[in-house]
Amino acid sequence: MNLVLTIAAFVVFAALAASGCKKSHSDPFPVSGAIAGWQKTSDTRVFAAKDLWQYIDGDAEQYISAGVITTSTSDYKYQGKLEAVVDVYTMNDAAGARKILEAGQSSDAKPVQLGDAGIAYAQSVIFRKGAKLVRIVAYESTPDAAQALLALARGVEAKL
Amino acid sequence: MKNRRDFLKTAATGAVLLGSQSKLGLAAMLDQHVESAKSKVVVARDAALHGADGQLDEKRVQALLDRAIATYTGQAKPVEAWKHIVPVGKVIGLKVNGLGGKGISTHLALVLAVCERLQQAGVKPGEIVVWDRNARDLQGCGLTINTDPSRIRVYGSDVAGYEDQPVAFGSVKVKLAKILSRECAMVLNLPILKDHESAGITFSMKNMYGVIQRPDDLHDGGCNPAVADLNCIPAIREKVRFTIGDAISSVYDGGPGFHPERLWQPNALIIGEDRVAVDHTAWQMIERKRAEVGIPTLEAAGRLPRYIVTAADHAHNLGTNDPQRIHLLEV
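Residues numbered from 1 in each chain as written. Chains lettered and ligands numbered in written order. Predicted model: local features only at pLDDT ≥ 70, side-chain atom pairs only at ≥ 80, totals over all residues.

Our focus in this paragraph is the overall build of chain B. Helix and strand content of chain B: 13 helices and 13 strands. When the 331 residues of chain B are sorted by exposure, 54% land in the buried category. Within chain B, counting contacts between residues at least 6 apart in sequence, those at least 24 apart form 71% of the total. (Helix = DSSP H or I, 4+ residues; strand = E, 2+ residues; numbered from the N terminus. Buried ≥ 20, exposed ≤ 12 C-beta atoms within 10 Å, placed from the backbone. Contact = placed C-beta atoms within 7 Å.)

What follows is about the overall build of chain A. Along chain A, the regular secondary structure elements total five helices and eight strands. When each of the 160 residues of chain A is scored for burial, the buried share is 38%. Intrachain contacts of chain A at a sequence separation of at least 6 include 55% that bridge at least 24 residues.

We now examine unusual backbone geometry. All names here are of chain B. Of note, the amide linkage connecting Asn224 to Pro225 takes the cis form, showing an omega dihedral of 10°. For Pro225, the position within the fold is in the loop between α9 (220-223) and α10 (226-231). With an omega of 10°, the peptide bond running from Gly255 to Pro256 counts as cis. Within the secondary structure, Pro256 sits in the loop between β10 (240-251) and β11 (263-264). Although it is not a glycine, Asn267 sits at a positive phi angle of roughly 55°. Locating Asn267 in the fold gives a position in the loop between β11 and β12 (268-272). The exposure class assigned to Asn267 is buried, which follows from the 20 C-beta atoms found within 10 Å.

In this section: the pairing of strand β3 (residues 128-131) of chain B. All names here are of chain B. Of the two faces of β3, the one holding Ile128 and Val130 and the one holding Val129 and Trp131 are both buried throughout. One ladder, built from four bridges, connects strand β2 (residues 92-95) with β3; its direction is parallel. Each bridged residue has a counterpart across the sheet, and for Lys95 the counterpart in β3 is Trp131. In the classification by handedness, the crossover that spans β2, the intervening helix α5 (residues 108-120) and the parallel β3 is right-handed. By the bridge criterion, two bridges tie β3 to strand β4 (residues 153-154) in an arrangement that is parallel. Each residue of the ladder has a partner; that of Val130, found in β4, is Val154. (Pairing = 2+ DSSP bridges. Right-handed = clockwise from strand over helix to strand, strands pointing away.)

Counting residues at the interface gives 19 residues for chain A, matched by 20 residues for chain B. Elements supplying a minimum of two residues to the side of chain A that touches chain B: α2 (53-56), α3 (60-65) and β4 (82-91) of chain A. The element that contributes the greatest number of residues to the side of chain A that touches chain B is α3(A), accounting for three residues. Class assignment for the residues of the side of chain A that touches chain B results in seven nonpolar, seven polar and five charged. (Nonpolar A, V, L, I, M, F, W, Y, C, P; charged D, E, K, R; others polar.)

With that out of the way, let us pick up the pairing of β10(B). All names here are of chain B. Counted residue by residue, β10 has 12 buried out of 12 residues, so it is predominantly covered. Where strand β7 (residues 186-189) meets β10, three bridges bridge the pair, whose relative direction is parallel. Residue pairing for β10: Asn189 is matched across the bridge by Thr243. In this structure, strand β8 (residues 192-196) lies alongside β10, joined through two bridges in parallel fashion.

Our focus in this paragraph is the nonpolar core. Residues Ala84(A), Val130(B) and Leu269(B) are the most contacted members of the largest nonpolar core, which totals 132 residues. The element best represented in this core is β4(A), accounting for seven residues. (Core = buried A, V, L, I, M, F, W, Y, C linked by C-beta atoms within 7 Å.)

Let us look at the confidence of the model for chain B. With 89% of its residues at a pLDDT of 70 or more, chain B has an overall mean of 89. Here the prediction assigns the complex a pTM of 0.86, and the interface score ipTM is 0.79. (pLDDT = per-residue confidence, 0-100.)

Along the polypeptide, Ala60(A) turns up in helix α3. When the 24 C-beta atoms within 10 Å are taken as the criterion, Ala60(A) is described as buried. Taking the C-alpha atoms as reference points, Ala60(A) and Gly118(A), 58 residues apart in sequence, are found 21 Å from one another. With residues up to four places along the chain from it excluded, the contact list for Ala60(A) reads Leu52(A), Trp53(A) and Asp216(B).

Glancing now at the environment of Pro260(B). Along the polypeptide, Pro260(B) turns up in the loop between β10 and β11. Using a count of 19 C-beta atoms within 10 Å as the deciding quantity, one classes Pro260(B) as partly exposed. Separated by 157 residues in sequence, Pro260(B) and Gly103(B) place their C-alpha atoms 7.6 Å apart. Those residues in contact with Pro260(B), other than ones at most four positions away along the chain, are Tyr121(A), Gln123(A), Ser124(A), Val137(A) and Gly103(B).

As a further point, take helix α4 (residues 94-103) of chain A. All names here are of chain A. Among all positions in α4, only Gly96, Ala97, Ile100 and Leu101 are buried. Mapping the buried residues of α4 onto a view down its axis gives an arc of 130°, with all of them on the same face. What points out from α4, more than 90 degrees from its buried face, is the exposed set Ala95, Glu102 and Ala103. (Arc of directions from axis to C-beta.)

Let us look at helix α12 (residues 275-293) of chain B. Residues and elements named next belong to chain B. Here α12 spans 27 Å end to end across 19 residues, near enough to the 27 Å set by a 1.5 Å rise per residue. Listing the buried residues of α12 in full gives Arg275, Val276, Ala277, Val278, Asp279, His280, Thr281, Ala282, Met285 and Ile286. Just past α12, the residue Gly294 takes up positive phi, approximately 80°. (Expected span 1.5 Å × (residues − 1).)

Now the structure itself:
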């Protein structure tokens, strides 16, 4: 019996070694209730760079040229009413994330302390942390949207 | 009842298209379009389309659609007007655009308004197909998937599939959605007006990227000449012949995705048969908004929608972008 267990352990160890012991990526999406008032309302979808057009055809080119590797997205709802989407772009490097953040910035952007840099509008929050770029967008404007989005953004940031 | 001569005469002034016309008849109409008449484009607006609470007023959308169609056709009664636009007894497709998700997609209220008038004009529910690339896009418009043939059908090419054999024109070689190639006799194009990162703007002609399997292959060079070439594919040119363009909401920069900080509400519909004239009119609307908020023109931003010019050239002959040849009616 001990011999069997020893062999099994060796096989598992060998398999991990052969795979390069890749570091597992943590899920950046807060679960329902983790951030007050926010429910995660969809499964997370992940798009490789070559498939990004299926999600944001037309917008995909700018992300690809900035070095996007994968894009993960999930829907959320705040207090059962305000719908929002969280997109997490994993870029090749921090420069790619910076490029997208700066390119998309308009004059009414309000700087926020999130990650390495972040901006907020009434209905959206965008920030970068290392090679990650996070964009959170609400589909409608409500009085509490900006604060709620910021809270969700901090929840995502903590998981990156 | 109009005789054929009256019909063609009316068509030449940009008022009527029927799905039952032969290819020969269509070619004749298109020729007359280009050679003998201005292309009619109607821009209908209602500043009160969104209520004080910011919500869209569905009744006002219906009224706005009626006003636009009445102006375009010269028919005061909506039902009579629609009878001049669509054939009865044929399957009519409504190609919406839900790529931008819930924030910036063809408005459900407009889709429902069109469906209502189609049925009143004699089109059976089962003869109406509302479609886009896939279920997600349709849900972005607020639509619910339905494949029951006794009711208005709502489904995407993820259900119906694409042709195995590609078709080509100029620079494009594409596989068409079977909903277009096999099911629909005529398609009403219901795009939503948006700025576009590579093409400059997306509206009538660019919405056809949603009727092919791999639109990502057609974004080089600012989508030029791909958009124009794509619209010359016979099934697109001949079946997609009337645009009911949604400019109720729009993004004037940062598109085609939803950027609420660049969202604006023109509260308008832009309709017409001449897809080039419609797109030219829509482009000018975006430029006026960009000027208003003080951001560069699309040309200065390096995103001039050149495909509109290409679509009007002799090689494509899809319509006119010459303001002198566009009969613009603003109501």
